[in-house]
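As a plain string of letters, each chain reads:
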Amino acid sequence: MAAPYVELHSHSNFSFLDGGSHPYELAMRAAELEMPALAITDRGGVYGAVRHLQACRKLGVKPIIGSALEVDGEELILIARNLRGYSNLCRLLSHAHADQPKGEARTTLGKVAEHRGDLFYLSATDIESRLRGLQDALGKENVFSELHQHLRPEDEWVLEGRVAMAERCGARVVATNEVHYHVPARRRLHDVLIAIRHRATLDEAGPNLFPNSEHHLKGGAEMHPLFHGHAEALATPWEIAQECDVDLDFRKVRFPGYPVPDGETPFSYLYKLCFEGVRERYRPITFSVTHRLQHELEVIEKTGLAEFFLINWDLMRFAREHGVPGQGRGSAADSIVAYVLGITRVDPIEHNLLFERFLHEEMTSTPDIDVDFSTAHREQVIQYIYEKYGWERTGMVCNVVTFQPRMAIRQVGKALGFSAELLDRLAKGVDRWFTEDVEDSMLSSVPPPDMRPQSWQHFLELCREVIEFPRHLSIHNGGMLVTGEPLVDIAPVEPAAMEGRRVVQFNKDDVEDLGLIKMDMLGLRTLSVVAEALELIKDTTGTRPDLDQLALKDAAVFEMCSQADTIGVFQIESRAQMQTLPRTRPRTFNDLVVEVAIIRPGPIQGNAVHPYIRRKQGREPVTYAHPLLEPILKDTLGVILYQEQIIEIAMYVAGMRPGRADGFRRAMTRHLNRVEMSSLEDEFISGCLANEVPREVADQLFAAVQGFAVYGFCRSHAAAFARTAYETAWMKLHHPVEFGCGLLNNQPMGFYHPSVLVEDLKRHGMRALPVDINLSDVRCLPERLESGLAMRIGFNYVRDLGEEGRKAIVDERDRSGPYMSFDDYLSRLRGGPIGPRAVRNLVMVGAFDALGHPRRELLWGWQERWHGKGLRRGIDRQSELSLNGTSPTLPTIDAFDANQLEYRISDLSTGHHLIHFCRDRLRALGALESNKLPAMANNKHVRVAGLVITRQAPSTAKKIRFFTLEDEFGQVNVTIKPDVYDRYRQVANRQPILIIDGVMQRQDGVHSVLASHIEALDGVPRPAQRSHDYR
Amino acid sequence: MTRLITPPAAIDVTLGPGGAPESISGAFTGSIDPIARWKVETSWWDRPVVREYWKAVLNNTVLCELYHDIARNEWFVERVYD
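Thresholds applied
- Residues numbered from 1 in each chain as written.
- Chains lettered and ligands numbered in written order.
- Predicted model: local features only at pLDDT ≥ 70, side-chain atom pairs only at ≥ 80, totals over all residues.
- Heavy atoms only, no water.
- Helix = DSSP H or I, 4+ residues; strand = E, 2+ residues; numbered from the N terminus.
- Rg over C-alpha atoms; globule rule 2.2 N^0.38 Å.
- Buried < 20%, exposed > 50% of the residue type's maximum accessible area, 1.4 Å probe, protein only.
- Contact = heavy atoms within 4.5 Å.
- Phe/Tyr/Trp six-rings, centres within 6.5 Å; stacked < 30°, edge-to-face > 60°.
- Lys NZ or Arg CZ within 6 Å of the ring centre and 35° of its normal.
- 1 Å grid on protein atoms, 1.4 Å probe; cavity = no way out; pocket = protein on both sides within 12 Å on 5 of 7 lines; lining within 4 Å.
- Points joined across faces, edges and corners; volume = space filled by probe spheres on them.
- Nonpolar A, V, L, I, M, F, W, Y, C, P; charged D, E, K, R; others polar.
- Pairing = 2+ DSSP bridges.
- Axes fitted to C-alpha atoms, helices over the stretch in contact; angles between N-to-C directions.
- Polar contact = N/O pair within 3.5 Å; in protein donor to acceptor, adjacent residues only side chain to side chain.
- pLDDT = per-residue confidence, 0-100.
- Right-handed = clockwise from strand over helix to strand, strands pointing away.
- Disulfide = S-S within 2.5 Å.
- Parallel < 35°, antiparallel > 145°, perpendicular 65-115°, else oblique.
- Left-handed = near helix turned anticlockwise from the far one by under 90°.
- Buried area = accessible area lost by both parts, 1.4 Å probe.
- Salt bridge = Lys/Arg side-chain N within 4 Å of Asp/Glu carboxyl O.

### Brief notes about the overall build of chain B
- Helix and strand content of chain B: zero helices and six strands.
- When its helices and strands are written in sequence order, chain B yields β-β-β-β-β-β.
- Computed over its C-alpha atoms, the radius of gyration of chain B comes to 12 Å, within 12% of the 12 Å expected for a compact globule of 82 residues.
- Structurally, chain B occupies a C-alpha span of about 40 × 30 × 20 Å along its principal axes.
- The buried share among the 82 residues of chain B stands at 37%.
- Here the analysis covers contacts within chain B between residues at least 6 apart in sequence; of these, 35% occur between residues at least 24 apart.

### Focus: the overall build of chain A
- Along the backbone of chain A there are 44 helices and 23 strands.
- The C-alpha atoms of chain A give 33 Å as radius of gyration, which agrees with the globular expectation for 1031 residues (31 Å, within 12%).
- Overall, chain A is about 95 × 80 × 70 Å in size when its C-alpha atoms are taken along their principal axes.
- Relative to its 1031 residues, chain A shows a buried fraction of 58%.

### Some points on the packing of aromatic side chains
Residues and elements named next belong to chain A.
- Under the definition given, this model contains 27 aromatic pairs over all chains.
- Taking the centre distance of 5.1 Å and the plane angle of 65 degrees together, the rings of Tyr825 and Phe848 count as edge-to-face. One end of the pair, Tyr825, is in helix α37 (residues 822–829); the other, Phe848, is in the loop between α38 (836–844) and α39 (855–858), and 23 residues separate them in sequence.
- On the accessibility criterion, Tyr825 (0% relative accessible area) is buried.
- Since its relative accessible area comes to 1%, Phe848 is described here as buried.
- Aromatic rings pair up to connect Phe308, Phe309, Phe355 and Phe358 into one cluster.
- Residue placement shows Arg317 over the ring face of Trp313; its charged tip is 5.8 Å from the ring centre.
- Residue placement shows Arg575 over the ring face of Phe962; its charged tip is 3.8 Å from the ring centre.

### Some points on the side chain of Arg162 of chain A
- The residue Arg162 of chain A is located in helix α6 (residues 155–169) in this model.
- In this structure Arg162 of chain A comes out as buried when scored by relative accessible area, which is 8%.

### Considering empty space enclosed by the protein
- One pass over the full model with this rule turns up seven cavities of 30 Å³ or more.
- Within this model, the second largest cavity holds a volume of roughly 70 Å³.
- Classifying every residue of the lining of the second largest cavity by side-chain character gives five nonpolar, one polar and three charged.

### Details of the sheet that holds strand β1 (residues 2–15) of chain B
Residues and elements named next belong to chain B.
- Read once around its circumference, the closed barrel built from six strands follows the order β1-β2-β3-β4-β5-β6, with strand pairing classed as antiparallel. The average angle at which neighbouring strand axes cross in this sheet is 45 degrees, direction not considered.
- The sheet contact formed by strand β4 (residues 49–58) and strand β5 (residues 62–69) spans eight bridges and is antiparallel. Counterpart to Leu58 in the pairing with β5 is Val62.

### Brief notes about the environment of Thr566 of chain A
Residues and elements named next belong to chain A.
- By the element assignment, Thr566 lies in the loop between α23 (555–562) and α24 (575–584).
- Given the relative accessible area of 0%, Thr566 is considered buried.
- For the pair Thr566 and Ala725, spaced 159 residues apart in the sequence, the C-alpha separation amounts to 9.6 Å.
- What Thr566 contacts, discounting residues up to four positions off in sequence, is Cys561, Ile572, Glu573, Met578, Leu581 and Lys732.
- Within the structure, the side chain of Thr566 is placed 2.7 Å from the backbone oxygen of Ile572, a separation counted as a polar contact.

### Description of helix α25 (residues 589–598) of chain A
- Extensive coverage of α25 of chain A is indicated by the burial of nine of its ten residues.
- Taken as a whole, α25 of chain A has its buried residues at Phe589, Asp591, Leu592, Val593, Val594, Glu595, Val596, Ala597 and Ile598 of chain A.

### Considerations on the confidence of the model for chain B
- Averaged over chain B, the pLDDT score is 93; the fraction of residues at 70 or greater is 100%.
- Two numbers describe this predicted complex: its pTM, 0.73, and its ipTM, 0.93.

### What about the pairing of strand β5 (residues 119–123) of chain A?
Residues and elements named next belong to chain A.
- Within β5, five of the five residues are buried, which leaves the element mostly enclosed by the surrounding structure.
- Burial along β5 is two-sided: the residues Leu119, Tyr121 and Ser123 and Phe120 and Leu122 are all buried.
- In this sheet, β5 lies alongside strand β3 (residues 74–80) in antiparallel orientation, the contact comprising five bridges. Each bridged residue has a counterpart across the sheet, and for Leu78 the counterpart in β5 is Tyr121.
- Judged from the three bridges that link them, β5 and strand β6 (residues 143–147) form a sheet pairing that is parallel. In the sheet register, Tyr121 faces β6, and the bridge partner there is Val143.
- In the classification by handedness, the crossover that spans β5, the intervening helix α5 (residues 128–138) and the parallel β6 is right-handed.

### Some points on the state of the cysteines
All names here are of chain A.
- What the rule picks out here adds up to zero disulfides over all chains.
- Free of any disulfide, Cys56 has its nearest neighbouring cysteine sulfur in Cys244, separated by 13 Å.
- A relative accessible area of 0% means that Cys56 is categorised as buried.

### Focus on the layout of surface pockets
Residue and element names in this part refer to chain A.
- Of the pockets and cavities examined, the second largest pocket occupies roughly 1,400 Å³.
- Lining of the second largest pocket is provided by 47 residues; of these, Arg281, Arg345, Asp546, Leu547 and Asp548 occupy positions nearest its centre.
- Those elements giving two or more residues to the lining of the second largest pocket turn out to be α11 (266–281), α13 (306–321), β8 (326–329), α14 (336–340), α22 (525–541) and α33 (715–734).
- With five residues, the top contributor of residues to the lining of the second largest pocket is α11.
- Partitioned by chemical class, the residues of the lining of the second largest pocket number 23 nonpolar, ten polar and 14 charged.

### Examining the packing of helix α17 (residues 405–415) of chain A against helix α20 (residues 453–466) of chain A
Residue and element names in this part refer to chain A.
- Contact pair α17 / α20: the axes reach a minimum separation of 9 Å and the direction vectors enclose 130 degrees. Our classification of the angle between α17 and α20 gives oblique. For the element pair α17 and α20, the recorded crossing hand is right-handed. Here Ala408, Ile409, Val412 and Gly413 of α17 come into contact with α20, specifically with Phe459, Leu462, Cys463 and Val466.

### Remarks on the side chain of Arg951 of chain A
Residue and element names in this part refer to chain A.
- Positionally, Arg951 belongs in strand β18 (residues 941–952).
- Looking at Arg951, the relative accessible area reads 2%, which means it is buried.
- In this structure the side chain of Arg951 is engaged in a polar contact, spanning 3.3 Å, whose partner is the backbone oxygen of Asn989.
- A polar contact is formed between the side chain of Arg951 and the backbone oxygen of Gln991, at a distance of 3.2 Å.

### Comments concerning the interface of chain B and chain A
- The interface is formed by eleven residues belonging to chain B together with 21 residues belonging to chain A.
- If you sort the residues of chain B by the area they bury against chain A, Glu41, Trp44 and Trp45 of chain B come out on top, with a joint share of 55%.
- At the junction of chain B with chain A, the criterion picks out two salt bridges.
- Among the ionic pairs, Lys39 of chain B bridges to Glu214 of chain A, the shortest N-O distance being 3.2 Å.
- Counting the contacts that link chain B with chain A gives ten residue pairs in polar contact (both at pLDDT 80 or more).
- For the side of chain B that touches chain A, a count of residues per class yields five nonpolar, one polar and five charged.

### Regarding the sheet that holds strand β11 (residues 470–482) of chain A
Residue and element names in this part refer to chain A.
- Taken in spatial order, the seven strands of this open sheet run β8-β9-β14-β11-β10-β13-β12, and their pairing is mixed. Strands at the two margins of the open sheet, each flanked by one partner only, are β8 and β12 (493–495). Adjacent strand axes in the sheet meet at a mean angle of 45 degrees, parallel and antiparallel pairs treated alike.
- As judged from the three bridges shared by β12 and strand β13 (residues 502–507), these two strands associate in the antiparallel manner. Note that in β13 the partner of Pro495 across the bridge is Arg502.
- Contacts from helix α3 (residues 83–98) reach β12 and β13 within the one sheet, and its direction differs from that of β12 by about 5 degrees.

As structure tokens, this is what we get:
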């Protein structure tokens, strides 16, 4: 029987912009062709290797790992024989990227020879001296002459020539199809990607495109006729494949080793630290505490993870010693060891958290400890890791940036030769949230009348295909890899755009699958806000609150949350949260944990939010689909809300072992393709049936669990976040000015634009004071007035001033006293880092108003004074400079002008809301003020108006949009159904001030307007777009 | 010397058992002995060209290139080597 044909040269879409198929598509096609093995050989890397490995294994295809690399100007295919060969490949790829422009890799034969060993090499060269050179450097038995037949005119004689050359050199021949897509139909997308890579249209890219569609994955039946007379070349790939065995299991080499004091082992040292920590955290130390601690330490000892905890303990210790605010989150909060080591801040005993969600004896992957650090300080922590473990053993995890709708539209359209103007219109009009159907989201976009229908059809199909395709590599926000062996033996490492940073070619999912240690250190601006606010509270009150000692029981805090007065509060300030809080009315910390967990796509898609609320309000009985569910879902009134509950359902209802149940839970939280999801469903359903759970209940349960596919929260994670939510709510209630300053000084962050935060402060009776040259600081600070504390807007809210400019103003003032006049300011700061535009902005935002001169007059001829022309004429003091003629009488700035200027220069208003100036017109049009809406009856027709501050189109809401309008009195929530939205899409999306007619909808203390008609308020100068638009 | 035939000359083709052309008639007539084959598929985004080309010896004497326009299922002689 003839040897099967296997493909050893294939590019997935991880050969960025040169591969037209996902790794799993290639694997599936190989399985359909009954190909026993398939190689992945992406350009310059192994980015898709883990996905390839997993897809092939599931389909019974043997995965081969390799790469295509440019060596002395020609492509060489390298195939790893085993883990050692793979390590050599990684080192070589790292070198090849080291001194090249970002995203490129090339090297020399000398370097390839330095890293030879357990690698096969395939070369499609036609130059005999080159083939001989490869053989001499790399070993004759390892080098193969690669034959192609892509039905190009010259292919037949090139092939024969190469065969003859190989024979002269004593080299074996191997046939490949240099695959760039899995099926011929994908060739079009490949052409488009090539055009994008060359920043050209398809017409212009002509010479770079393949002349036909023959670069698809072919099985033996297609390959044999093409290589008639060269049976050996078709059999050799299988011989090579049989010698390869790379499993990428790095579990044994994952820990970098933690240095412990003499006489201690990692575990004994951990034990000691835990019992020191327990005395800090628990007073008194109860039996349940010691019992739980003992149990966790036993599991840690059995799983060999003592060093993992020490590494994280050390990290948090460093953070504390250097004043870096930080806290652990995620499932680590399930662990009392993490709590007593100071890694997390949530007491797992008090909050009834499941340790097994975090760690159990059967766990084969490393548990996740994610840590949030203050954004301002995170870099310090990252540098500490690099220095402590060494540059060889540390690198950032990569993030693959993929095509999203707007990018797809622009780049695919450009390749097809569409005009820039058309693409701009299409891209801006698209709802960026709907990746499922690009055409649908471009519904209002009509192709130009002169465009052929076929072109438009190509465009739509190609946009759909390219969504989620890898585009290029970037760094994952906070994922760092720390390894026991040098990192370059485990994965290729590339220089990142940021100096001094190295990025690994694996993303966070790959890293987890390979059993490597990833430390997730995310920058959380809220922690910076909290740190700053605490310092400001110390300044204003003399005492710095200790948040660790907060009792988490302040009824006033819970009442504020129940009223949805939560703008600025971590995790519970979104529109969706504010619509739910008055209905769930959290009264305890645990209620807050639920609140943080439920407003997520997971529970909403799993149909969990509304039943929970109904049950909480006593409107619906608490029921369980099956008795087995009661102990699992009792705490959440019979509704699945937590990932821990999925584990328990998988164990106790579908009969899975703990390790498998956790694997099932993890698999459900990933982006799965259809094949993978269907396999999980079969496993779950058959487990349920074996437990005598009726089929319809099992189906229902699986659908509910499936809703957690991406974002379901784990209880401990929700608890950690709820803690920060409580703390920020507490600060907002008891120290609103200091907290408000913290928020404004750490933008961009959170849900709302700074102007909304200022309006909220004003509505609570606090004053915001405008920028003042003598009273403002580099940032917003509390200022004591007779009436109490107010927020003084800082120089950080003056456009074009810059950090150096802000500092210069304040430093000079500290040195030599307040500025006495505008000229005084000019003379003292001339030559400093403040440009003319910034000076003009300071004047026009009113920074000099308190010094008594009208703004426009100050600017008359100021530039001459600023540039010191007087001095060049030998005049010592600037105030002696006199201009030709006197300044004309200039119109004064009225309140509306000042308002507009403040919006333009500071992006906020310390005075009236913009809508205040439109109020007369709006009243004449019959628009209600927002504070009048609570009195309106359900179903009453109303007209509302305001500045759009958020636009939301959640993917779970069946294309319904939610807008929030703001006026001088408050906010209005508006719901827009698809048919209404389609009618008024352009106005709704683009105009800043809207007038909306609709019907009042009230339920459980929450109200909104269901829109029927939308128009813009014309004639008001546009403020800069400040709406938060999101999915 | 090679002569490009413009416009390409339409012919009828009889295929052999393997799917390769065996004989032609029309503008050119006689037996066909194929010696090379290639495929061209381009301009799918504009005016698609999908052709299978054959280099063949006509009547044992003349080398020529013919192609099968796959979309229209028509055959043409495009080039003759004099």
